[in-house]
Structure formats: C-alpha cells, structure tokens
Amino acid sequence: SDRSPNDSSKSQRVMVIGGDGYCGWATALHLSNKGYEVAIVDSLVRRLFDHQLGLDSLTPISSIHNRLRCWKAITGKTIELYIGDICDFEFLSETFNSFEPDAVVHFGEQRSAPYSMIDRSRAVFTQKNNVIGTLNVLFAIKEFREECHLVKLGTMGEYGTPNIDIEEGYITISHNGRTDTLPYPKQASSFYHLSKVHDSNNIAFTCKAWGIRATDLNQGVVYGVKTDETSMHEQLYNRLDYDGVFGTALNRFCVQAAVGHPLTVYGKGGQTRGYLDIRDTVQCVELAIANPAKPGEFRVFNQFTEQFSVNELAALVTKAGQKLGLDVQTISVPNPRVEAEEHYYNAKHTKLIELGLKPHLLSDSLLDSLLNFAIEFKDRIDTKQIMPSVSWKKIGVKPQTVPA
Ligand code: NAD
Ligand code: USQ
C-alpha cells in the first residue's frame, strides 16, 4: 500500500459514510489520493430519491461500482465498499469490525431542507434517518473503536440568522453576574436543519458521557463540481443537483443561466449564508482528520469561506453569464420557505483557517467553468424541475410526489 510509515496521518483508515453523494464522493477520492485507506459506506438512498421524485443530476453519474473500478484502474488505489443503511446497527457493526476505522467522516444523511418539508412522511424519514443513523455511529464507536475520531457534517443552518455575531459552536455569556461558555443557541428552520441540531446534542452528550472524540463541521452551502480527482475521468464525475428539491443556490443559478431560465431569487433575496467551493469541503475534512479532536472533546468548526446574499449571487452569475454571451434575467419567486429575507449575518470561520485551510474564493474563473460545465450538459437539463414546488406553510400530511 502507499501508506507512508513516517507520516502517521497518512496511514489512517477512514470510513466515509455517504461516500456516493456530492460531498462524500469528492472527499473519498481526495483522501484515497492522499494515501489514506478509505472505505465508502452508503445505502444509495440518494439515487432512490431521484427516481422517486423524477429528478436527475446535471452530470451523468456512473454506478458506485463503476466509479470505484475506474478509480482503481486509473490510480491503482482500492476504495472498499459497504452498501447498507447505517440505521441498521447489525450492518454498521459488521462494517466497523471489518474495516476498523481510525476516523469516520459522516456525510450519510438526508440533506435537503425542501425534501424534509414535502410531507409528514418525509419529515419523519429525515429525522429518523439522520438522528438514528448518527446515534448508531456513536454506539458503534463506543462499542468497537473507542479511539475512532468522528468527523460529522453539520450545517451553518443550525444557528439560523440571529441578530448577533455567530461564533464557532460556543458562546461565552455573562448573566446575573456569572459567566459560562455555552453551546451557541440553535434556531434551525426546516425539519432537515433541525435533525442536525438533534445530532449535535447527541454527539455533545456522548463526548461528555463516554469520552468520544468528535468534530462537528457546520458547513455552509457548497458550490462547484470539479475536484482534482473527479476531473480525472468522466466515470468519476460528481453529481450536480439543480432541481428545486436538492439543488442549492449558486449551483442552481449557474444551470439556470446556462439554459436561459431566469434566476430564481426567493422573496427579497437578502438571505445571507456562508458558502464554500467543493474543493474546500475536501480540504476541510482532511484537515479535521489530520488534526483529531481529543478524547471527550466536542469540537465545532464553521466550515465556509465567504458570505453572500442570494441577490449578490444572482448579480455575480449575471455578470459572468454576460461575459459568455448569455442573456441572464432574474425573477423574484414568492418565497416557498419561512425565513428572514433581510437580516444581520456575521459568522466566525477562523478555526479551519488556523489549521491551514487555503480557501478557493468564488472567482470569475470558477463561475466561468461552472457555467461552461452547465452549458456542456445543457441538453440534460429538465427545466420543469427548476421552480420550487415544496412550501413550508403548505406541507402535506400524505406522501406525494412533487407536482410537475
Ligand atoms: P448527498 O445527498 O449528495 O449525499 C448523501 C449520501 O448519504 C447519499 O449518497 C446517500 O445515499 C447517503 N445516505 C443517506 N442516508 C444514509 C443512511 N442512512 N445510510 C447510508 N447512507 C446514507 O448530500 P451531500 O450534498 O453530499 O451532503 C453530505 C453531507 O454534508 C450531509 O450531511 C449534508 O447535510 C452536509 N452538507 C451539505 C451541504 C451542501 O451544500 N451539499 C452543505 C452543508 C452540509
Ligand atoms: N434560495 C433562493 N433561490 C433558489 C434556491 C435557494 O433564493 O433557487 C435561497 C433559500 O431560500 C435560502 C438560501 O438560498 O435562503 C440557501 O438555500 P439552499 O437551497 O442553497 O441551501 P439550504 O436549503 O440552506 O441547504 C443547503 C444544503 C444543506 C446544507 C445547507 C447549509 O442542501 O444540506 O445543510 O445548504 S446552510 O445553508 O448553511 O445551512
């Protein structure tokens, strides 16, 4: 193997749960390329959601089996594969005992806010899948791999949009003459984002109670598609979601611009969030693994590199589109969500920089390449999937497919 005996970080065995998804696939390849021993654990449920809702990635994606065969053919590196649901503890126990991870990176959740707001059944699925999956991972670490470091994907959305600065996980408060450092208040605004809050509480408790070592990566909205590894071959291409359920803001705007659909700014467009390039997602996860939390420590990093409002993103994509000769319009769509549309937002994000993160800031060249990527796959775009179809207020009780 290519484990270097002089660099202990590189001999680590890393289990990537959710390794067939957008962030997980890019991360699994990056870690494998860097010499980590990698195993992907995934139930493939994300591919099933696409079938059920009639959605598809902008980019054609190969099966996980072909992806891994291609990776092996190109690099000579093996990524182990365990197909199964982490809510099934027997399955998870077997994968732990078979692979013996030193670190677990947990991406394996239902991650769409709109999906969690379709109806009661999807809300319940999201919280069961996410909260129980994470609880199972905590129990597996306690029972089988006590030293294993949990790197858990959280979300900036756990904090909501408070009218004060957002700190990294904790805030020091003086109250009636006494002072304490406490978990930063959580104000999530979808059943999905709330599932992450519940996860954070469960992880914090098990760090205290059992001495688990954990890092919660409160990630902002991810954009981009290419990483060094996924660009090596078309069978390694990552997924890129642009539909109203799984597509996220900047990725959606680039696809919309490519196909001549007006950019869909929800409401007033002052909604401000933290954003990062997928090339920084993989870098941040590697930094967290290489610098593990101490036993019993519950570490929280805010994982994003820049803040933008939706209006600012629309303006950037309009300008970049014009340079490529695209006529980019913007419309204000009645906001399907319940969220502040004009608000203060200032979130700290220094801890990953201190560990060595070198951010890829949003640039004209990135926008050019994303737009060109969208133009390349233009014929695959189903414009009927672009407008949002899930309403926070009109959430259904019965399972239904998303109306066309
Ligand atoms: P994704 O849906 O593309 O990938 C998630 C993967 O997890 C899928 O392959 C799915 O099949 C798998 N999975 C889900 N439940 C599982 C289970 N019970 N057992 C095994 N596998 C399971 O999502 P993504 O965009 O790659 O996001 C990954 C993680 O990062 C999520 O936890 C998400 O909340 C977080 N995150 C994503 C973004 C973003 O912009 N994409 C931003 C912040 C945080
Ligand atoms: N928005 C628009 N127009 C669109 C799409 C989105 O105005 O066409 C707005 C939304 O109303 C929201 C903001 O853009 O105010 C971000 O929405 P999003 O869909 O890009 O992101 P979000 O729902 O918050 O979820 C995504 C990922 C989720 C992750 C989260 C990080 O799907 O897994 O947790 O980003 S964060 O936003 O920091 O919580």
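Calculation rules
Residues numbered from 1 in each chain as written. Chains lettered and ligands numbered in written order. Predicted model: local features only at pLDDT ≥ 70, side-chain atom pairs only at ≥ 80, totals over all residues. Heavy atoms only, no water. Helix = DSSP H or I, 4+ residues; strand = E, 2+ residues; numbered from the N terminus. Buried < 20%, exposed > 50% of the residue type's maximum accessible area, 1.4 Å probe, protein only. Contact = heavy atoms within 4.5 Å. pLDDT = per-residue confidence, 0-100. Pairing = 2+ DSSP bridges. Axes fitted to C-alpha atoms, helices over the stretch in contact; angles between N-to-C directions. 1 Å grid on protein atoms, 1.4 Å probe; cavity = no way out; pocket = protein on both sides within 12 Å on 5 of 7 lines; lining within 4 Å. Points joined across faces, edges and corners; volume = space filled by probe spheres on them. Near = heavy atom within 4 Å. Polar contact = N/O pair within 3.5 Å; in protein donor to acceptor, adjacent residues only side chain to side chain. Areas by Shrake-Rupley, 256 points an atom, 1.4 Å probe, with all protein chains shown as cover. Nonpolar A, V, L, I, M, F, W, Y, C, P; charged D, E, K, R; others polar. Parallel < 35°, antiparallel > 145°, perpendicular 65-115°, else oblique. Left-handed = near helix turned anticlockwise from the far one by under 90°.

Here we look at the overall build of the protein
Now for step 1: Along the backbone of the protein there are 12 helices and 14 strands.
Now for step 2: Projected onto its principal axes, the C-alpha coordinates of the protein cover approximately 65 × 55 × 45 Å.
Now for step 3: In the protein, which comprises 404 residues, the share counted as buried stands at 55%.
Now for step 4: In the protein, once contacts between residues fewer than 6 apart in sequence are set aside, the share between residues at least 24 apart is 82%.

Points about the confidence of the model for the protein
Now for step 1: A residue-level look at the protein finds 96% of positions with pLDDT of 70 or above and a mean pLDDT of 96.
Now for step 2: When the elements of the protein are averaged for pLDDT, helix H12 (residues 364-376) gives the smallest value, 94, and strand S1 (residues 13-17) the largest, 99.
Now for step 3: In this model residues 1-7 is a low-confidence stretch, pLDDT under 50, and it forms 9 contacts with partners more than four residues away in sequence or in other chains.
Now for step 4: On the interface metric, ipTM, the complex scores 0.99, and its pTM is 0.97.

Some details on the sheet that holds strand S9 (residues 221-223)
Now for step 1: Taken together, the 3 strands give an open sheet; going across it, the order is S9-S11-S13, and neighbouring strands pair in mixed fashion. With partners counted over all chains shown, the strands left at the sheet margins are S9 and strand S13 (306-309), one partner each. The mean angle between the axes of side-by-side strands here comes to 45°, regardless of whether they run parallel or antiparallel.
Now for step 2: In the sheet, S9 pairs with strand S11 (residues 272-277) via 3 bridges, with the strands oriented parallel. Following the sheet pairing, Val-222 is matched in S11 by Leu-276.

Here's the deal with the layout of surface pockets
Now for step 1: Approximately 310 Å³ is the volume found for the second largest pocket.
Now for step 2: Of all the elements in the fold, those that place two or more residues in the lining of the second largest pocket are helix H7 (191-210), strand S8 (213-219) and strand S12 (298-303).
Now for step 3: Here the lining of the second largest pocket gets 6 residues from one element, more than from any other, and that element is H7.

Observations concerning the sheet that holds S1
Now for step 1: Ordered in space as S3-S2-S1-S4-S5-S8-S12, the 7 strands form an open sheet in which the pairing is parallel. Bordering the open sheet on either side are strand S3 (80-83) and S12, each of which pairs with just one other strand. Here the strands of the sheet are splayed against their neighbours by 20° on average, with no regard to which way each runs.
Now for step 2: Where strand S2 (residues 37-42) meets S3, 4 bridges bridge the pair, whose relative direction is parallel. Each residue of the ladder has a partner; that of Asp-42, found in S3, is Ile-83.
Now for step 3: Set on the sheet, helix H4 (residues 89-99) makes contact with S1, S2, S3 and strand S4 (103-106); between it and S3 the angle comes to about 165°.
Now for step 4: Against the sheet, H7 engages strand S5 (149-155), S8 and S12, with an angle of about 150° to S5.

Things to note about the environment of Ala-315
Now for step 1: Relative to the elements of secondary structure, Ala-315 occurs in helix H10 (residues 310-323).
Now for step 2: Taking C-alpha positions, Ala-315 is 34 Å from Gly-396, a pair spaced 81 residues apart along the chain.

Observations concerning the side chain of His-261
Now for step 1: Summarising the element assignment, His-261 is placed in the loop between helix H8 (249-259) and strand S10 (263-266).
Now for step 2: Here His-261 falls in the buried class, since its relative accessible area comes to 15%.
Now for step 3: Aside from chain neighbours lying at most four places away, what touches His-261 is Gln-256, Ile-386 and Met-387.

Let's talk about the site of ligand 2
Now for step 1: Lining the immediate environment of ligand 2, one finds 23 residues, of which Thr-155, Tyr-192, Ala-249, Thr-264 and Glu-339 sit closest.
Now for step 2: Here an oxygen atom of ligand 2 and a backbone polar atom of Ala-249 are 2.7 Å apart.
Now for step 3: Residue Arg-273 places a side-chain N or O atom 3.4 Å away from an oxygen atom belonging to ligand 2.
Now for step 4: In the complex, the protein chains occlude 95% of the 730 Å² of accessible area that ligand 2 would expose alone.
Now for step 5: When contributions to the shell around ligand 2 are tallied by element, the ones reaching two or more residues are H7, H8 and S10.
Now for step 6: Along the lines of polarity and charge, the residues of the shell around ligand 2 split into 9 nonpolar, 9 polar and 5 charged.

Some remarks on the packing of helix H1 (residues 22-33) against helix H9 (residues 278-290)
Now for step 1: Contact pair H1 / H9: the axes reach a minimum separation of 9 Å and the direction vectors enclose 60°. Compared by their axis directions, H1 and H9 come out oblique. Remark: the crossing between H1 and H9 carries right-handed chirality. Between H1 and H9, the contacting residues are Tyr-22, Cys-23, Ala-26, Thr-27, His-30 and Leu-31 on the first element and Ile-278, Thr-281, Val-282, Val-285, Glu-286 and Ile-289 on the second.
Now for step 2: Class assignment of the residues belonging to the contact of H1 with H9 gives a composition of 8 nonpolar, 3 polar and 1 charged.

A closer look at the environment of Ile-164
Now for step 1: Here Ile-164 shows up in the loop between S5 and strand S6 (170-175).
Now for step 2: Classification of Ile-164 by relative accessible area gives partly exposed; the value is 47%.
Now for step 3: Linking Ile-164 and Phe-205, residues 41 residues apart in sequence, is a C-alpha distance of 26 Å.
Now for step 4: Excluding residues that lie within four positions of it along the chain, Ile-164 makes contacts with Ile-171, Tyr-184 and Tyr-344.

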